[in-house]
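Residue-level structure breakdown
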Amino acid sequence: MPDELRIGDADLMNITGGDQARARSLRKALQKLADDRAPDDPLREMAREVLSGRTGLREAARVPAYAEALGDRMVQGFREHDSLSPDERANQEAAARAYLAEQAAEIEKDRSAQEAS
């Protein structure tokens, strides 16, 4: 998809309640799905459709094939989460908070660089 329009973090702000760090994290997760999944994986196709701007994330989630794939992945994620010990859950939550803080710092660094130029 190198020649296609790519959405930016701001295009996902409505999904994240206005949280720019979460929007950036969501965009990066979509990019990972688009890049790393098998060519015939519905989640890869969905991510590419959203990242290209051809469809919004909410609209994509209503497409039956995408909804089924998302549902299956969510069930798997919930099972994995439920199998964690309380300490493992706490560690994952701390890692998630740290990741969002890194995203916020990255956004601030990008802003400062834009203001300086």
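Each remark here, short or long, concerns the structure printed above.
Residues numbered from 1 in each chain as written. Predicted model: local features only at pLDDT ≥ 70, side-chain atom pairs only at ≥ 80, totals over all residues. Heavy atoms only, no water.

Bringing the overall build of the protein chain into the picture now. A tally of helices and strands in the protein chain yields 5 helices and 0 strands. What you see in the protein chain, going N to C, is helices and strands ordered as α-α-α-α-α. The principal-axis extent of the C-alpha atoms belonging to the protein chain is close to 45 × 40 × 25 Å. The 117 residues of the protein chain split such that 22% are buried. Split by element, the accessible area of the protein chain, about 7,900 Å² in all, is 52% carbon and sulfur. The centroid of the 18 positive side-chain charges in the protein chain is displaced by 1 Å from the centroid of its 24 negative side-chain charges. (Helix = DSSP H or I, 4+ residues; strand = E, 2+ residues; numbered from the N terminus. Buried < 20%, exposed > 50% of the residue type's maximum accessible area, 1.4 Å probe, protein only. Areas by Shrake-Rupley, 256 points an atom, 1.4 Å probe, with all protein chains shown as cover. Lys, Arg positive; Asp, Glu negative; His and termini not counted. Charge placed at Lys NZ, Arg CZ, Asp CG, Glu CD.)

Here we take up the pattern of salt bridges. Counting across every chain of the model gives 10 salt bridges. A salt bridge links Glu106 to Arg24; the shortest N-O distance between them is 2.8 Å. Here the residue Glu106 occupies a position in helix H5 (residues 86–116), and Arg24 occupies one in helix H1 (residues 20–36), the gap between them amounting to 82 residues. Residue Arg24 is classed as buried on the basis of its relative accessible area of 9%. One salt bridge connects Arg54 with Glu49, and the closest N-O pair in it is separated by 2.9 Å. Using a relative accessible area of 23% as the deciding quantity, one classes Glu49 as partly exposed. When salt bridges with common partners are traced through the structure, they connect Asp9, Arg24, Arg27, Lys28, Glu106 and Asp110 into a single cluster. (Salt bridge = Lys/Arg side-chain N within 4 Å of Asp/Glu carboxyl O.)

On to the environment of Leu33. Positionally, Leu33 belongs in helix H1. Residue Leu33 is classed as partly exposed on the basis of its relative accessible area, which comes to 21%. Counting along the chain gives 14 residues from Leu33 to Ala47, while the straight-line C-alpha distance between them is 6.1 Å.

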